[in-house]
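Below are the chains, spelled out letter by letter.
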Amino acid sequence: CNTKKDIDITKLGVDTDPPELLYNQGLANIKAGNMAEAGKKFDAINQQQPFSEWARKAMVMSTFVKFRTGRYDDAVQTGNSYLRQYPASEDADYVQYLVGSSYAKQIVDITQDQRAAQQTIEAMSKLVTNYPKSQYVSDAQEKIRFARDQLAGKEMQVGRYYLERKDYLAAISRFRIVVEKYPTTNQIEEALARLVEAYYAMGIVPEAQTAAAVLGHNYPDSRWYSDSFQLLKKGGVEPSENSGSWISRAGKKLLLGT
Amino acid sequence: SGAGVITLASASVAEAAVIQRVDVRGAERVGATAVRDNITIKPGKSFSPSDIDSSVKQLYATGYFSDVHISVSGSTLVISVKENQLINAVVFNGNRKIKDDKLQGIVQTHSAGPYNEATVQADIKTIKDAYASIGRNDVQVTTQTAQVGQGRLNVAFVINEGDRTKIDKINFSGNQAYGSGRLASVISTKKSNFLSFLTRKDVYSPDRQQADQDALRQFYYNHGYADFRIVSADATLNEQSNEYTLNFNVDEGPRYTYGDINVVSTVDGINADELKGLVITQKGSVYSAKDIQTSIENISKRVASAGYPFARITPRGNRDLTGHTIGIEYLVDQGERAYVERIEIRGNTRTRDYVIRREFDLNEGDAFNQEMITRAKRRLDALGYFTKVDVSTAQGSAPDRVVVIVNVEDQPTGSFGIGAGYAVGNNGGLLLEASVEEKNFLGRGQYIRVAAGAGTEGNRTYNISFTEPYFLGYRLAAGFDIFKNQTSSDDFYDYSEEGFSLRVTAPITENLATTLRYNYKRLTYDGTNDWQNNLSAPYLNLVNNGPWTQSTVSQTFTYNTLDDQNLPREGLIAKFTHEFAGLGGDSNFYKLSGKARYYHMISDEADIIGSLTVGAGYVMPTDGKLNVFDQFTLGGREIRGFENAGIGPRSSHGDPLGGTTYFTASAEASMPMPGVPQDIGLRIAAFADAGTLYGNKANLFGDTLNNDSSLRASLGAGLIWSSPFGVIRVDYAVPVAKESYDKVQNFRFGIANQF
Amino acid sequence: CKTSEVMNNGYIFDPQSLALAPVGSSREQVLLSLGTPSTTATFDGEVFYYISQKRTRAAAFMKPKLVDQNILAIYFDKDGIVKQEANYALKDGKVFDMISRTTPTGGRDITFLQQILQGGGSGINGARNFLNNLNPGQ
């Protein structure tokens, strides 16, 4: 097949342009939309003087270029090696944000492995804790919230799988994880409504009532609450909170909003 | 890299010291800031000797320094370093089989990184391993460096790939019961031959060697040799010829049959006698590890559904060394009460969660039952969607809770294939078919196949088929097939058929399944050449009053216990179909047909496989007359030595009219082609076929009919080749009993083991 | 041949250990004799639920049908002593249609094109892939 010609390494000189020039050429390429060329320029600086200030800035841009061209794994690798070398530099928060965003871009549909969502949460949490004053904190939190919604969504998907098959025990355990571990996600209303369905289908009416009551307290105008309310009303029962039950305890926690 | 020497000035070691300044010497290229960033000691903060030690380690870890010294003089910390040379560019020359970016991914030396001898040597070894894994063991890797500017150099890995390392001979010693040829077919590694560059079966690797040893053990344990052990298994590389010789030295030991079989239960509520019926290992029959495993599974299933899922079944064998028998006692005792807390599915980057979860009969919250988990793993492997399926367990949130972790690795399930297929029509021959197939469409476990085939004499086939394995949540494989086939193999008419069928397949037991089908077919006969005065009356009718439609409902029962679908050696495959035509369309009949083929090893030693086949069919009209195409045709495919539809009732012009009733029988023995390497997969076979086709309920439009129920028979020999295009065979058969009007065809290409 | 199958899901009751956890026994005693509950109804375990189901399946392809379900609820007082036990049977269960609507979630889903590109494999892997998946037509 292709006979690759050998490269004569004696001629491979160091890119002699000064790092500053290479850096600006890189930026110009980005503006021109020529990402591949920009990447080469920034990598050249890094090769020439690996520890100079220019090399540091080049590494930031190289991570950005890799992120923009969709080479997420490379972006994560370059980003992380930057953070190992310059943990305290002023661009560190931006690179951490780029690493987190690279994972976020790889989040897949809830019927598949949510490893990327988990990694997004870890990377973005590092940003929030290590660089609290960074401008990217708000977007990082938004990405964390989305990733947690995904993880909660996966638990709901498996819970619904078991609920369909009348495996109430398995379903309740899954929905319960959403109520206890992911109360602030968008799945919480449905989780409580599914608990009402599961307990009611088993005939344990007091638990169903409590779940509906907590749902009503926290999300009075939610469609899920009206569904649960209708369901119980058809059975001649009102959502009422028997304070002893775990759901009402969880519900109080919801009100306080951890 | 050299160890750092820590010299500590006179400051007493015990109390922690504080320094105001950090002075860095010798880090021209790397730069002082990077060195300061990479140590744990900060000015103004107190530090202890262990901080110095960890700083030295950290600086070495960057790889940029060949030597590091940290000393304290007064209130300044002095770090003097000797820098490694820095790499400007890394290049790979001479590599063709493995691409640059793959090599760059596995070596540590990279541009802008430090150059040090140890890493380079390690990289050379990594490259050699990478080549060994694709069967090239005598690759030579050397490095060249070229200075570029101050303290900067380029590195080149020069690779001389050499050619593929072949496997010259595979020797077995110590085997009496089974011939070396037979054992060679058991292991996956094969001798090199002209196809090896495609099949890659002649690549030696230690873990493949291990897998082969397990395959041998499995083979012997399943054929009665309980004491079988592998004395030695080694591979010697002949450097000059760049070839391996594999040697397996085995000690078969005696062949055991079963002694007394017994089931004992220590769990009250489980009566051992009831379970005896589930055990398939009978006294006197040949010992087989597989039968024992199946017996355990049967007992475990029965005991679990009787409400004792925690019961554990352990087989205990007691050998009678003189009588060569093994008595098996199945002990049923109480396992520990554990429940499955969660089933975690990981690694599925394409297959949907529910496609994997639904293969478990065990749900979250159920009692932990190892047998059900092994069954689920077997089912997941059988799906063919994964390269790897690992099912492991981890401690749950309580002592009696277990988390089942299913780790899968999706594999590409789409494939483009070329294979041999049968053309349609009375004398359609073989054709080549190209197909695109996706076994796991969008990760939903659905199967899609689009294929088109072409052959001589205008033979064309097109078909699309789709299957959903879990129709509406039931374990029912429902799907449809759309097809269009045409041929102009007959001199006086072109035949084409198109249509669709809707089908649902339901498994009844592990080996028995039934399929309900609705089939709609449109047949057209176009007269060609001078057909008016060459076709017999019934065929003239077919041409003039076409196109014809058939709308039928059919049910098929398939029973399959073959040990291997491509080259079966043991087991039975049987099929029975009954079909009713008459929901509209031009055909009204009730048709029954059945076929069974039993495989049995005549001689294990010489790997001679015997097989007996019987078939029969009957069709009767349900409203008036049958059409010619409703009746059975019999020919070379069932009784070799005759043309397709070459047997049975014929019109005056010699056109086949088919028949209402047929019987066929065939006996065959095949063995590996002597003198040819096992890996090529050539076998020779001798066979005797017999059968008859008679009875006519079709409207002959006044034509005369040659029809009688005499037996036709033939003897012949065949060559079977398991080629990359499927298992193909060519047969030469001579009819020994036939009717004058039957059409003979001695040579015939076919697809082996087609059922 | 008898193809119907019986499946016991969830908690497996066993009569002797039930007798060991009467009203008045402590939480530890219940845990010791009955094991961890299928699910608990309070944060600090005010109520233990032991859920058990029995299903039958006439033939291998059928869906398992729920034929029996009983739930043991053990209510504890403030000091963790069993004050009441209740049983719910299959007949107590309510039958109704579950809501089919689901809360939307995000994340990339694989498109058919992606699967083909991803699935094809390039170079030698693609070629070998296409060769060893060969099967005769029809």
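Residues numbered from 1 in each chain as written. Chains lettered and ligands numbered in written order. Predicted model: local features only at pLDDT ≥ 70, side-chain atom pairs only at ≥ 80, totals over all residues. Heavy atoms only, no water.

**What about the overall build of chain B?**
Right, on to step 1. Across its full length, chain B carries 12 helices and 39 strands.
Right, on to step 2. C-alpha atoms of chain B, sized along the principal axes, occupy 125 × 70 × 55 Å.
Right, on to step 3. In chain B, which comprises 755 residues, the proportion classed as buried is 48%.
Right, on to step 4. In chain B, the proportion of contacts linking residues at least 24 apart, taken out of those at least 6 apart, comes to 60%.
Right, on to step 5. When the accessible surface of chain B is summed, it comes to about 32,600 Å², and 56% of that surface belongs to carbon and sulfur atoms.
Right, on to step 6. Chain B carries 75 positive and 85 negative side-chain charges, and their two centres are separated by 2 Å. (Helix = DSSP H or I, 4+ residues; strand = E, 2+ residues; numbered from the N terminus. Buried < 20%, exposed > 50% of the residue type's maximum accessible area, 1.4 Å probe, protein only. Contact = heavy atoms within 4.5 Å. Areas by Shrake-Rupley, 256 points an atom, 1.4 Å probe, with all protein chains shown as cover. Lys, Arg positive; Asp, Glu negative; His and termini not counted. Charge placed at Lys NZ, Arg CZ, Asp CG, Glu CD.)

**Section: the overall build of chain C**
Right, on to step 1. Secondary structure summary: chain C contains four helices and five strands in total.
Right, on to step 2. Listing every helix and strand of chain C by position from the N terminus yields β-α-α-β-β-β-β-α-α.
Right, on to step 3. Sequence separation of 24 or more characterises 42% of the internal contacts of chain C that already satisfy a separation of 6 or more.
Right, on to step 4. On chain C, roughly 7,300 Å² of surface is accessible, and the fraction owed to carbon and sulfur atoms is 60%.

**Describing the packing of helix α5 (residues 92–105) of chain A against helix α7 (residues 137–164) of chain A**
All names here are of chain A.
Right, on to step 1. One can describe the packing of α5 onto α7 by two numbers: an axis separation of 11 Å at closest approach and a directional angle of 25 degrees. Comparing their axes, α7 and α5 come out roughly parallel. In this structure, α5 meets α7 at a crossing whose hand is left-handed. Along its contact with α5, which presents Tyr 97, Ser 101 and Ala 104, the element α7 presents Asp 139, Ala 140 and Lys 143.
Right, on to step 2. Here the contact of α5 with α7 is built from residues that sort into three nonpolar, one polar and two charged. (Axes fitted to C-alpha atoms, helices over the stretch in contact; angles between N-to-C directions. Parallel < 35°, antiparallel > 145°, perpendicular 65-115°, else oblique. Left-handed = near helix turned anticlockwise from the far one by under 90°. Nonpolar A, V, L, I, M, F, W, Y, C, P; charged D, E, K, R; others polar.)

**Quick word on the confidence of the model for chain B**
All names here are of chain B.
Right, on to step 1. The share of residues in chain B with pLDDT of 70 or more is 95%, and the mean pLDDT across the chain is 85.
Right, on to step 2. Looking over chain B, one finds the lowest element-wise mean pLDDT in strand β1 (residues 5–7), namely 46, and the highest in strand β27 (residues 548–560), namely 95.
Right, on to step 3. Low pLDDT, under 50, characterises residues 1–14; the stretch is placed with 24 contacts to residues that sit more than four places away or in other chains. (pLDDT = per-residue confidence, 0-100.)

**What about the confidence of the model for chain C?**
Residues and elements named next belong to chain C.
Right, on to step 1. On average, residues of chain C score 76 in pLDDT, and 75% of them are at 70 or above.
Right, on to step 2. For residues 119–138, every residue scores under 50 in pLDDT, and the model assigns this stretch 41 contacts once sequence neighbours within four places are set aside.
Right, on to step 3. Confidence estimates for the predicted assembly give a pTM of 0.79 and an ipTM of 0.84.

**Remarks on the environment of B:Ser180**
Right, on to step 1. Considering the arrangement of structural elements, one finds B:Ser180 in helix α5 (residues 180–186).
Right, on to step 2. With residues up to four places along the chain from it excluded, the contact list for B:Ser180 reads B:Phe172 and B:Asn175.

**Observations regarding the nonpolar core**
Right, on to step 1. Grouped together as the largest cluster of nonpolar side chains are 105 residues, with contacts concentrated most on A:Ile30, A:Phe42, A:Met202, B:Ile343, B:Val406 and C:Tyr49.
Right, on to step 2. No other element matches the 11 residues that helix α9 (residues 188–202) of chain A contributes to this core.
Right, on to step 3. With sequence-adjacent residues up to four places away left out, A:Ile30 is seen in contact with A:Met35, A:Ala38, A:Phe42, A:Met61, A:Phe64 and A:Val65.
Right, on to step 4. Ranked by size, the runner-up nonpolar core spans 23 residues in total, among them B:Ala27, B:Ile39, B:Ile41 and B:Val68. (Core = buried A, V, L, I, M, F, W, Y, C linked by side-chain atoms within 4.5 Å.)

**Looking at the pattern of salt bridges**
All names here are of chain B.
Right, on to step 1. Inspection of the entire model under this criterion finds 66 salt bridges over all chains.
Right, on to step 2. Put simply, Glu 359 and Arg 475 hold a salt bridge, and the shortest N to O gap is 3.5 Å. A residue pair is termed long-range when its members are at least 10 positions apart, and Glu 359 in the loop between α10 (353–357) and α11 (370–383) and Arg 475 in the loop between β23 (460–468) and β24 (477–487) qualify at 116 residues. Pair check on accessibility: Glu 359 and Arg 475 agree, each one buried.
Right, on to step 3. With its nearest N and O atoms 3.4 Å apart, the salt bridge here joins Glu 497 to Lys 521. (Salt bridge = Lys/Arg side-chain N within 4 Å of Asp/Glu carboxyl O.)

**Points about the packing of aromatic side chains**
Right, on to step 1. Tallying each qualifying case throughout the model produces 36 aromatic pairs over all chains.
Right, on to step 2. Where B:Tyr178 meets B:Tyr220, the ring centres are 5.5 Å apart and the plane angle is 80 degrees; that geometry is what we call edge-to-face. Here B:Tyr178, found in the loop between β11 (166–173) and α5, pairs with B:Tyr220, found in helix α7 (residues 206–221); they are 42 residues apart in sequence, far enough to count as distant. Across this residue pair, the class does not change: B:Tyr178 and B:Tyr220 are buried.
Right, on to step 3. Note on C:Phe48 and C:Phe76: the rings are 4.8 Å apart at their centroids and 65 degrees apart in plane angle, and the pair reads as edge-to-face. On the criterion of sequence distance, the pair formed by C:Phe48 in strand β3 (residues 47–57) and C:Phe76 in strand β4 (residues 65–76) is long-range, its members being 28 residues apart.
Right, on to step 4. Its relative accessible area of 4% is what places C:Phe48 among the buried residues.
Right, on to step 5. A relative accessible area of 2% places C:Phe76 in the buried class.
Right, on to step 6. Members of the aromatic cluster, connected to one another through ring pairs, are B:Phe310, B:Tyr339, C:Tyr11, C:Phe13, C:Phe48, C:Tyr50 and C:Phe76.
Right, on to step 7. The positively charged end of B:Lys591 is found above the aromatic ring belonging to B:Phe589, 4.9 Å away from the centroid. (Phe/Tyr/Trp six-rings, centres within 6.5 Å; stacked < 30°, edge-to-face > 60°. Lys NZ or Arg CZ within 6 Å of the ring centre and 35° of its normal.)

**A word on a nonpolar patch on the surface**
Residues and elements named next belong to chain B.
Right, on to step 1. On the surface, Phe 416, Val 436, Val 450, Ile 464, Phe 480, Ile 482, Phe 500 and Leu 502 cluster together to form a nonpolar patch covering roughly 640 Å² of accessible area.
Right, on to step 2. Of all elements in the fold, only β24 and β25 (493–507) reach the threshold of two or more residues within the nonpolar patch.
Right, on to step 3. Along the chain, Leu 502 turns up in strand β25.
Right, on to step 4. Taking relative accessible area as the criterion, Leu 502 reaches 44% and is therefore assigned partly exposed. (Patch = residues over 30% accessible without salt bridge, like charges linked within 9 Å, V, L, I, M, F, W, Y side chains within 5 Å.)

**Things to note about the sheet that holds strand β17 (residues 339–346) of chain B**
Each strand in a sheet pairs with its neighbour through backbone hydrogen bonds, running either in the same direction (parallel) or in the opposite one (antiparallel).
Residue and element names in this part refer to chain B.
Right, on to step 1. Taken together, three strands build an open sheet; the order of strands is β17-β19-β18 and the sheet is mixed. Strands at the two margins of the open sheet, each flanked by one partner only, are β17 and β18 (386–395). Put simply, the sheet's adjacent strands are angled 15 degrees from each other on average, direction ignored.
Right, on to step 2. Direction of pairing for β17 relative to strand β19 (residues 401–410): parallel, over a ladder of seven bridges. Residue pairing in the sheet places Arg 346 in a bridge with Asn 407 of β19. (Pairing = 2+ DSSP bridges.)

**Considerations on empty space enclosed by the protein**
Right, on to step 1. Within this structure, the stated rule accounts for four cavities of 30 Å³ or more.
Right, on to step 2. In this structure, the largest cavity occupies an estimated 150 Å³ of space.
Right, on to step 3. Looking at the lining of the largest cavity, the elements that each hand over two or more residues are α9 (289–305) and α11 of chain B together with β1 (5–10) of chain C.
Right, on to step 4. Grouping the constituent residues of the lining of the largest cavity by class yields seven nonpolar, four polar and five charged. (1 Å grid on protein atoms, 1.4 Å probe; cavity = no way out; pocket = protein on both sides within 12 Å on 5 of 7 lines; lining within 4 Å. Points joined across faces, edges and corners; volume = space filled by probe spheres on them.)

**A short note on the interface of chain A and chain C**
Right, on to step 1. The interface of chain A with chain C comprises 42 residues on the first partner and 33 residues on the second.
Right, on to step 2. Taken over both partners, the interface formed by chain A and chain C buries close to 3,300 Å², and the fraction arising from carbon and sulfur atoms is 55%.
Right, on to step 3. By the criterion of area lost to chain C, the three top residues of chain A are A:Leu169, A:Met202 and A:Ile204, representing 16% of everything that side buries.
Right, on to step 4. Counting across the interface, chain A meets chain C through two salt bridges.
Right, on to step 5. Put simply, C:Arg55 and A:Asp167 hold a salt bridge, and the shortest N to O gap is 3.8 Å.
Right, on to step 6. Linking chain A with chain C are 16 residue pairs in polar contact (both at pLDDT 80 or more), by the criterion used here.
Right, on to step 7. Secondary-structure elements contributing two or more residues to the side of chain A that touches chain C are α7, α8 (168–181), α9, α10 (205–218), α11 (223–234) and α12 (246–256) of chain A.
Right, on to step 8. At seven residues, the largest contribution of residues to the side of chain A that touches chain C is made by α9(A).
Right, on to step 9. When its residues are assigned to classes, the side of chain A that touches chain C shows 19 nonpolar, nine polar and 14 charged. (Buried area = accessible area lost by both parts, 1.4 Å probe. Polar contact = N/O pair within 3.5 Å; in protein donor to acceptor, adjacent residues only side chain to side chain.)

**A few points about unusual backbone geometry**
Residue and element names in this part refer to chain B.
Right, on to step 1. Cis geometry marks the peptide bond from Gly 546 to Pro 547; its omega dihedral reads -15 degrees.
Right, on to step 2. Within the fold, Pro 547 resides in the loop between α12 (537–544) and β27.
Right, on to step 3. Unlike most non-glycine residues, Glu 457 shows phi in positive territory, near 50 degrees.
Right, on to step 4. Relative to the helices and strands, Glu 457 resides in the loop between β22 (446–454) and β23.
Right, on to step 5. Of note, the phi angle at Asp 607 is positive, near 55 degrees, even though the residue is not glycine.
Right, on to step 6. Overall, the relative accessible area of 1% leaves Asp 607 in the buried class.

**A word on the side chain of A:Arg174**
Right, on to step 1. Along the chain, A:Arg174 falls in helix α8.
Right, on to step 2. Not counting residues within four places of it along the chain, the set of residues in contact with A:Arg174 comprises A:Glu155, A:Val158, A:Gly159, B:Arg342, B:Ile343, B:Arg357 and B:Glu364.

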